[in-house]
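Residue-level structural notes
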Amino acid sequence: MSKDKIPKLFDGSVNELTRPSRPKKDRKPKSKDMKKEKKQKTLYISLDMNRKLIELYGEEGRRQSVIVEDAVNLYYYLKLALGEKKFDELMSAVKREDPEFLREYMGRFKL
């Protein structure tokens, strides 16, 4: 094996490798506000749900994470506002995936 075939792993000095990390005061302060704090999101969704997300992304022109946050907020506040029984009825209407039926069902709600 020739010397040219051995990969170069590190071009700096040993001092650079053993240098301590930055002191804690130099690091960015951590946000206390949950809405502004970035979290890693992992969603396990069906192919159909992914298709719907992509379609919404195209129509809305927004990031998928914003669409997901809007969906979670909508789900959360509808559940609080309607109560468990009415919310379950609404979700069963949504699961039919029939926009016309859902439009008629929603027309019964008084706003």
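So, here's what we can say about the structure.

Conventions we followed
- Residues numbered from 1 in each chain as written.
- Predicted model: local features only at pLDDT ≥ 70, side-chain atom pairs only at ≥ 80, totals over all residues.
- Heavy atoms only, no water.
- Helix = DSSP H or I, 4+ residues; strand = E, 2+ residues; numbered from the N terminus.
- Buried < 20%, exposed > 50% of the residue type's maximum accessible area, 1.4 Å probe, protein only.
- Contact = heavy atoms within 4.5 Å.
- Areas by Shrake-Rupley, 256 points an atom, 1.4 Å probe, with all protein chains shown as cover.
- 1 Å grid on protein atoms, 1.4 Å probe; cavity = no way out; pocket = protein on both sides within 12 Å on 5 of 7 lines; lining within 4 Å.
- Points joined across faces, edges and corners; volume = space filled by probe spheres on them.
- Nonpolar A, V, L, I, M, F, W, Y, C, P; charged D, E, K, R; others polar.

1. A look at the overall build of the protein
- Summing up its helical and strand segments, the protein has four helices and zero strands in all.
- Within the protein, the proportion of its 111 residues that are buried is 5%.
- Look at the contacts in the protein between residues 6 or more apart in sequence, and 14% of them connect residues 24 or more apart.
- By element, 56% of the accessible surface of the protein is carried by carbon and sulfur atoms, the whole surface being about 11200 Å².

2. Re the layout of surface pockets
- Each pocket or cavity is described by its volume, and for the largest pocket that value is around 1200 Å³.
- What lines the largest pocket is a set of 25 residues, among which Met-49, Lys-52, Ala-71, Met-91 and Val-94 lie closest to the centre.
- Looking at the lining of the largest pocket, the elements with two or more residues in it are α2 (47-60), α3 (64-95) and α4 (99-107).
- Broken down by class, the residue content of the lining of the largest pocket amounts to 20 nonpolar, no polar and five charged.

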